[in-house]
Amino acid sequence: MFQPHTSFDLLRVPIVGALLQHKHSRTLLQIPLFLISIAMILHGLFGPQLAPQNLATTYTWVHFRGALVFVLLLAGNFFCLACPFMLVRNLARKFFRPARNWPRALRNKWLSVGLFVTMLFVYEWLDLWASPWWTAWLIVAYFGGALLIDAVFKHATFCKFVCPIGQFNFVASTASPLEVAVRDHSVCTACATKDCIRGVREPAAPLVVIQRGCELALFQPRKVGNVDCTFCLDCVQACPHDNVGILSRVPAAELTTDPLRSGLGIFSRRKDLAALVVVFTFGALLNAFGMVSPVYALESWVAKVLGINREFPILGFVFGLFLLVEPLLLIGVAVWLTRVWGGNREAVVVVGVRYSYVLAPLGFGIWLAHYGFHFLTGLYTIVPVTQAALGMQPHWGAPGLAPNVVQLVEFGFVLLGLFGSLLVGYSIAAMEKVGHPKRIFAVWALVVMIMTAGAIWLMSQPMEMRAVSLGVG
């Protein structure tokens, strides 16, 4: 039987909790990011096209990404809460009512996995970190995509099934220490309205929604973890019993269990979600690899072997190597060993899907190390770039912390991810109680240690200082 939650609750913290529970708190958080987004678009299109001196490139590829991963690590998915794209979407919905449901065949993560890979590919192909113009158009495309999809389809379709940034946040937030969750399940059991999922309607006019419920179909009493949760707090506003909070929990614990989850089903049956975790993790290695000099040696070798000199097919080969061949070989061998040596005789796909979630903490650790490098080494650039954009005399100086100091932080994040993956792998093997748990754990521990060694090697290489000014005026 569920017991009342006694953990830390952010919504019970004075001032902060009151601000977050305010009816218009989300809008108040979205407006500043919307204004910054507009400034980035305008500066990207019409400002200086030198990346370190443009708001679009420095804000996006240095400060936004770094702040994003640190907030995910320390708190949770608060950037989805403050998403400026949803501000425009919500304003537009005052003038139109979407009437269609998202096609059943697309109610999964396959489309978003493809878009996530596309984002990684376009980032390298168009050198987005060096192109304010293309970065500005990427932001415009995001606004347009959110508006178009949510103008036609009901609920939070763009967030749940399309948005690549959202999918990144969903996987990364499995390692977050906070979760939107029910305080006392016995209160939910006695609740007759279920407003957290249905929303609150005007009694005299049932079609008029006073407060919407969860648009991502996460019924709070049966919700487990942070996947698909945008921290929008609609459930907090809708709950008639004030029974939903932002509660502390053990990071990554949701990856170790396999219950039936509201809105998500059973993780071990979600091949699409497992594919997202695999792409998230191996994509972290690939994105970091694109920052070090060995990538040029590999691209030259590919060009020579294939007899081509165009970047598009060469990049396609590299992406196929990192996101298809490498995962298939490494995970495939691990699955085979799990079945043959570990004694787990379940189907290959079942084993592969269940244990793919072991990779998520390590993947997040690698993203933390990579994005943290750019954020910390370019930490101070936000001041002169903003000054220049406002027509003031910029004061260029040291861009941020010394790279050799930041490198130690990078190693720490990677090792933190390794530790998390080892704990998740051990927990899954122990809870599954199929075959020989210690042998199975050893197999997947070897996988994450091999990947960790690769990540440490990457972080040991000199990284390009992309979109960071080195003191030019």
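Residues numbered from 1 in each chain as written. Predicted model: local features only at pLDDT ≥ 70, side-chain atom pairs only at ≥ 80, totals over all residues. Heavy atoms only, no water.

1. Overview of the packing of aromatic side chains
Here is step 1: Within this structure, the stated rule accounts for 28 aromatic pairs.
Here is step 2: Ring geometry for tyrosine 142 against phenylalanine 158: centres 6.0 Å apart, planes inclined by 90°, an arrangement best described as edge-to-face. One end of the pair, tyrosine 142, is in helix α7 (residues 132-152); the other, phenylalanine 158, is in helix α8 (residues 157-162), and 16 residues separate them in sequence.
Here is step 3: Ring plane angle 10° and centroid distance 5.4 Å describe the contact between tyrosine 355 and tryptophan 444, whose orientation is recorded as stacked. Taken as a pair, tyrosine 355 in helix α16 (residues 348-356) and tryptophan 444 in helix α20 (residues 437-460) lie far apart in primary sequence, 89 residues in all. The residues tyrosine 355 and tryptophan 444 share a single accessibility class, namely buried.
Here is step 4: Aromatic ring contacts, followed pair by pair, group Phe34, Phe85, Tyr142, Phe143 and Phe158 into a single cluster. (Phe/Tyr/Trp six-rings, centres within 6.5 Å; stacked < 30°, edge-to-face > 60°. Helix = DSSP H or I, 4+ residues; strand = E, 2+ residues; numbered from the N terminus. Buried < 20%, exposed > 50% of the residue type's maximum accessible area, 1.4 Å probe, protein only.)

2. Focus on the pairing of strand β1 (residues 178-182)
Here is step 1: For β1, the buried fraction is high: five of the five residues fall into the buried class.
Here is step 2: Inspection of the sheet shows β1 paired to strand β4 (residues 244-248) by five bridges, in the antiparallel sense. Bridge pairing links leucine 178 to serine 248 in β4. (Pairing = 2+ DSSP bridges.)

3. Re the confidence of the model for the protein chain
Here is step 1: Residues with a pLDDT of 70 or more make up 96% of the protein chain, whose mean pLDDT is 93.
Here is step 2: Overall, residues 1-5 carries pLDDT values under 50, and its contacts beyond four positions in sequence, including any with other chains, amount to eight contacts. (pLDDT = per-residue confidence, 0-100. Contact = heavy atoms within 4.5 Å.)

4. Regarding empty space enclosed by the protein
Here is step 1: Applying the stated criterion across every chain yields a total of four cavities of 30 Å³ or more.
Here is step 2: Counted as a void, the largest cavity has a volume near 100 Å³.
Here is step 3: Taken together, the elements giving at least two residues each to the lining of the largest cavity come down to α10 (185-190) and α11 (195-198).
Here is step 4: For the lining of the largest cavity, the class distribution of residues is ten nonpolar, three polar and two charged.
Here is step 5: Size it by volume and the second largest cavity reaches roughly 80 Å³. (1 Å grid on protein atoms, 1.4 Å probe; cavity = no way out; pocket = protein on both sides within 12 Å on 5 of 7 lines; lining within 4 Å. Points joined across faces, edges and corners; volume = space filled by probe spheres on them. Nonpolar A, V, L, I, M, F, W, Y, C, P; charged D, E, K, R; others polar.)

5. Topic: the nonpolar core
Here is step 1: Within the largest apolar cluster, 126 residues are counted, with the highest numbers of intra-cluster contacts made by Phe168, Ile246, Leu359, Phe364 and Trp444.
Here is step 2: Here this core takes 13 residues from helix α13 (residues 271-289), the largest share from any one element.
Here is step 3: Once residues lying within four places of it in the same chain are set aside, the contact partners of tryptophan 444 are Ile331, Ala334, Val335, Thr338 and Tyr355. (Core = buried A, V, L, I, M, F, W, Y, C linked by side-chain atoms within 4.5 Å.)

6. As for unusual backbone geometry
Here is step 1: The residue leucine 233 is not glycine, and still its phi comes out positive at about 70°.
Here is step 2: Considering the arrangement of structural elements, one finds leucine 233 in the loop between β3 (205-211) and α12 (234-238).
Here is step 3: The phi angle at lysine 433 is positive, at roughly 55°, despite the residue not being glycine.
Here is step 4: Along the chain, lysine 433 turns up in the loop between α19 (403-432) and α20.
Here is step 5: Given the relative accessible area of 71%, lysine 433 is considered exposed.

7. Brief notes about the pattern of salt bridges
Here is step 1: All told, the structure shown has 15 salt bridges when counted by the stated rule.
Here is step 2: Of the charged contacts, one joins arginine 93 and glutamate 215 as a salt bridge, the two residues approaching to 3.2 Å between their closest N and O atoms. Linking arginine 93 in the loop between α5 (84-92) and α6 (110-125) with glutamate 215 in the loop between β3 and α12, this pair joins segments that are 122 residues apart in sequence. The pair formed by arginine 93 and glutamate 215 is uniform in burial state, with each residue classed as buried.
Here is step 3: Linking glutamate 432 and arginine 354 is a salt bridge whose minimum nitrogen-to-oxygen distance equals 3.4 Å. Of the two residues, glutamate 432 is situated in helix α19 and arginine 354 in helix α16; the sequence distance between them amounts to 78 residues.
Here is step 4: In this structure glutamate 432 comes out as partly exposed when scored by relative accessible area, which is 23%.
Here is step 5: The structure contains a network of salt bridges with shared partners spanning Arg89, Arg93, Asp150, Arg212, Glu215 and Asp234. (Salt bridge = Lys/Arg side-chain N within 4 Å of Asp/Glu carboxyl O.)

8. Some words on the layout of surface pockets
Here is step 1: The volume enclosed by the largest pocket comes to roughly 1200 Å³.
Here is step 2: Around the largest pocket, the lining comprises 36 residues; the ones closest to its centre are Asn90, Arg97, Val209, Arg212 and Glu215.
Here is step 3: Going through the elements one at a time, α2 (25-46), α5, α11, β3 and α12 are the ones with two or more residues in the lining of the largest pocket.
Here is step 4: Here the lining of the largest pocket takes five residues from β3, the largest share from any one element.
Here is step 5: Here the lining of the largest pocket is composed, by residue class, of 14 nonpolar, eleven polar and eleven charged.
Here is step 6: A volume near 900 Å³ is recorded for the second largest pocket.
Here is step 7: Along its surface, the second largest pocket is lined by 41 residues, and Thr60, Phe64, Leu68, Phe85 and Ile165 are the ones closest to its centre.
Here is step 8: Ranked by the residues each element gives to the lining of the second largest pocket, the list is headed by helix α3 (residues 55-74), at seven residues.
Here is step 9: Of the residues assigned to the lining of the second largest pocket, the class counts are 31 nonpolar, eight polar and two charged.

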